[in-house]
Amino acid sequence: MSLAEEMDTVTDVAAGSVERHATSSTFESTAPATGAVVGMFPVHDPDAVAETVTQAFAAAELWAGLGFDGRRQRLDAYRGYLARRLHELADLVHRENGKPHADAILEISLAIDHLAWAAGHARKALGPRRVRAGLLAANHAAYLEYQPLGVIGVIGPWNYPVFTPMGSIAYALAAGNAVVFKPSEYTPAIGAWLAAAWRAAVPDAADAFQVVTGFGDTGAALCRAGVGKIAFTGSAPTGRKVMATCAETLTPVLMELGGKDAMIVDDDADVVAAADAAVWGAMSNGGQTCIGVERVYATAAVYDRFVAEVTAQVRELRPGSDDEATYGPMTMPSQIDVVRRHVTDAASAGARVITGGTDPDAFPGEGYVAPTVLLDVPEDSAAIREETFGPTLTITKVRDAEEALQRANDTSYGLAGSIFSGSKSKALDLARRMRSGMTSINSVLTFASVPALPFGGVGDSGFGRIHGEDGLKEFTRAKAITRQRFALPTNPMSFRRPANTADQLARIIGMVHGRHR
Ligand code: NDP
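This paragraph deals with the site of the ligand. Surveying the vicinity of the ligand reveals 30 residues, the closest of which are Gly156, Glu185, Leu257, Cys290 and Glu387. The contact in question runs from an oxygen atom of the ligand to an N or O atom on the backbone of Gly214, over 3.3 Å. Gly234 is positioned such that a nitrogen or oxygen atom in its backbone is 3.4 Å from an oxygen atom of the ligand. Expressed as a share of its isolated accessible area of 900 Å², the protein-covered part of the ligand is 90%. At the level of elements, α8 (216-223), β8 (229-233) and α9 (236-248) are the ones that each hand at least two residues to the shell around the ligand. The residue inventory of the shell around the ligand, partitioned by class, reads 14 nonpolar, 12 polar and 4 charged.

It is worth spelling out the sheet that holds strand β5 (residues 151-155) at this point. Strands sit in the order β7-β6-β5-β8-β9-β17 across an open sheet of 6 strands; the sheet is mixed. The sheet terminates laterally at β7 (209-211) and β17 (462-463), the two strands that pair on one side only. In terms of strand pairing, β8 meets strand β9 (residues 253-256) through 4 bridges, oriented parallel. Note that in β9 the partner of Ile230 across the bridge is Val253.

A word on the environment of Asp270. Turning to its location among the elements, Asp270 is positioned in the loop between β10 (261-265) and α10 (271-283). Here Asp270 falls in the partly exposed class, since its relative accessible area comes to 48%. Sequence-wise, Asp270 and Asp323 are 53 residues apart; in three dimensions their C-alpha atoms are separated by 31 Å.

Attention now goes to the confidence of the model for the protein. Per-residue confidence for the protein gives a mean pLDDT of 94, with 95% of residues at or over 70. Per-element mean pLDDT across the protein ranges from 47 in helix α1 (residues 3-16) up to 99 in β5.

Further remarks concern the packing of aromatic side chains. Taken as a whole, this structure holds 9 aromatic pairs when the rule is applied. Aromatic pair Phe27 and Phe41: ring centres 6.3 Å apart, planes at 50°, arrangement tilted. With Phe27 in strand β1 (residues 26-30) and Phe41 in strand β2 (residues 37-42), this pair connects stretches of sequence that are 14 residues apart. Note on accessibility: Phe27 and Phe41 belong to one class, buried. Summarising the aromatic geometry, the rings of Trp158 and Phe389 are spaced 5.7 Å apart at their centres and angled 75° between planes, so their arrangement reads as edge-to-face. With Trp158 in the loop between β5 and α6 (163-174) and Phe389 in the loop between α13 (382-385) and β14 (392-398), this residue pair connects regions lying 231 residues apart in the sequence. Exposure remark for Trp158: the relative accessible area of 8% places this residue in the buried category. Through a chain of ring-to-ring contacts, the aromatic side chains of Trp63, Tyr78, Trp198 and Phe209 assemble into a single cluster. A cation over an aromatic ring shows up here: Arg85 above the ring of Tyr81, its NZ or CZ 3.7 Å from the ring centre. Sitting above the plane of the Tyr160 ring, Lys99 keeps its charged end 4.0 Å from the centroid.

Below, the discussion takes up the sheet that holds strand β4 (residues 140-148). Ordered in space as β3-β4-β18, the 3 strands form an open sheet in which the pairing is antiparallel. The open sheet is flanked by β3 (129-131) and β18 (476-484), the only strands paired with a single partner. Neighbour-to-neighbour, the strand axes of this sheet turn through a mean angle of 35°, independent of strand direction. Sheet topology note: the β4/β18 ladder contains 9 bridges and is antiparallel. Considered in β18, the bridge of Tyr143 is made with Ile481.

What follows covers the nonpolar core. Nonpolar side chains in soluble globular proteins tend to end up buried together. Ranked by internal contacts, the top residues of the largest apolar core, which has 100 residues, are Tyr78, Phe209, Ile291, Val296, Phe306 and Ile395. Ranked by residue count, the leading element in this core is helix α5 (residues 101-126), at 12 residues. Filtering out sequence-adjacent residues up to four positions away, Val296 remains in contact with Met263, Val265, Ala278, Phe306, Leu393, Thr394, Ile395 and Thr396. Ala262, Tyr297, Val343 and Ala408 belong to the second-largest nonpolar core, a separate cluster that totals 24 residues.

Where helix α4 (residues 86-97) contacts helix α7 (residues 188-201), the two axes come as close as 9 Å, and the packing angle between them is 160°. As summarised for this structure, α4 and α7 are arranged roughly antiparallel, according to the angle between their axes. Crossing angle aside, the handedness with which α4 passes α7 is left-handed. Residues Glu88, Leu89, Leu92, Val93 and Glu96 of α4 form the contact with α7, whose participating residues are Pro188, Ala189, Ile190, Trp193 and Leu194. By residue class, the composition of the contact of α4 with α7 is 8 nonpolar, no polar and 2 charged.

Residues Leu135, Leu136, Leu505, Ile508, Met511 and Val512 make up a contiguous nonpolar surface patch of about 570 Å² in total accessible area. What makes Ile508 partly exposed here is its relative accessible area of 39%.

Rules of the game
- Residues numbered from 1 in each chain as written.
- Predicted model: local features only at pLDDT ≥ 70, side-chain atom pairs only at ≥ 80, totals over all residues.
- Heavy atoms only, no water.
- Near = heavy atom within 4 Å.
- Polar contact = N/O pair within 3.5 Å; in protein donor to acceptor, adjacent residues only side chain to side chain.
- Areas by Shrake-Rupley, 256 points an atom, 1.4 Å probe, with all protein chains shown as cover.
- Helix = DSSP H or I, 4+ residues; strand = E, 2+ residues; numbered from the N terminus.
- Nonpolar A, V, L, I, M, F, W, Y, C, P; charged D, E, K, R; others polar.
- Pairing = 2+ DSSP bridges.
- Buried < 20%, exposed > 50% of the residue type's maximum accessible area, 1.4 Å probe, protein only.
- pLDDT = per-residue confidence, 0-100.
- Phe/Tyr/Trp six-rings, centres within 6.5 Å; stacked < 30°, edge-to-face > 60°.
- Lys NZ or Arg CZ within 6 Å of the ring centre and 35° of its normal.
- Axes fitted to C-alpha atoms, helices over the stretch in contact; angles between N-to-C directions.
- Core = buried A, V, L, I, M, F, W, Y, C linked by side-chain atoms within 4.5 Å.
- Contact = heavy atoms within 4.5 Å.
- Parallel < 35°, antiparallel > 145°, perpendicular 65-115°, else oblique.
- Left-handed = near helix turned anticlockwise from the far one by under 90°.
- Patch = residues over 30% accessible without salt bridge, like charges linked within 9 Å, V, L, I, M, F, W, Y side chains within 5 Å.
- Salt bridge = Lys/Arg side-chain N within 4 Å of Asp/Glu carboxyl O.

Laid out in structure tokens, this is it:
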């Protein structure tokens, strides 16, 4: 079978996984590099979404009843299935999202590793345990466990269409929930493929992971469908709308939103390594990375060397859709206008454009943006303050690492960041004071590949955490249980307690706690 025929089969199977719920309209997903149709998908209306969620609730009971071991076995089967079809899925990601095949492999590999970790650690993080009952309930046993919420609605973006939603889907499933996933309108085939793969790998719990497709209204219907929680990943403006919709039904939300991440390059940094990381962090995936590097603050001691090294490295990059291209087209065409506005505004405010930029050559063909490096960008310009989400990088000279930190933190966002420094203790201190959910030292984006580490932001970058134990707990409610082991001679929580019980209690509390000043 030729690759094209094979891809058609994949897409047919994927489409089949979302066509079980009747709808009146459909939409096309197209390849950003060629405009070719990747697949046709239903626009699920509120009734279809409600029907899917009802099926998911039925599946959730069975899924939760399998227990940690039963779920782990099936999640392992799913990751095995994905690993065996890694290239097939990567081809679809390349077609529908536009990123190079090699980057798709990297993204899917990360997702598979998270699946393994979530399945393997769910019992330890969430399972029943005894906790100390403490002084006032010494005659009781106390138990804690984290129970699933039922059905989790996952709404995802198009930029990492496998890794990003899987950060919620894998952890929600491992915690014992069913999942209904609404992928972005730009990447429905990938979402549908993931659900079709689940049905094939886990046939006895097929409805535990389902997909609905459509536009923002389909996502809004999922918010209103009575799910136990919405895990939203996307932009801050859409996040606000999702929260407002979820407020109607008091549905809790997890918000994974955008960022304006900064890199700090200190006096004693390895400048070549920092430049390599900055260029990758800013330009890979065409800069369409929530935790991508958008701003660099380099100290005066290294600034010139850093700029020269970045410039040299950026000149080696070439966007395109062939196998040798370093990054692909912009997945969402309208984002090109945002990038162009940020670059144009910065240039007219006095910024120096040292590569790429606004001239026609800098946008080398329909759908592509050239790698663009901007120097001396005023701190109040859009290129510094708003999420650009394109292959651009601003580099600003600062006095020292303290000034770099202060500027890095001067943003409404707070997703991630990076620090290049020769001093471990100084770098750790800066990392702790960086106002962000994640920071990597002497590398970029590494925290995303450590399954044990929680992932999420502060401020306009959102709240709640995926990944790690926190990510498992995000999709549960804590359940507290006590069991009386033996009765005390006097029970202070009874109307039949003796009159002097309160005095005795006050004496004990005074003895135990009163000595602390
Ligand atoms: P959007 O915010 O535009 O969309 C995200 C999802 O929400 C899509 O599935 C979208 O559907 C859906 N949606 C749109 N309107 C509504 C609505 N009213 N109610 C419910 N759902 C709705 O983000 P993008 O897809 O453009 O993704 C890029 C953004 O995601 C960037 O800001 C990026 O930083 C952020 N991001 C954050 C990550 C993190 O972990 N913090 C990771 C990856 C990306 P449709 O596409 O059909 O409109």
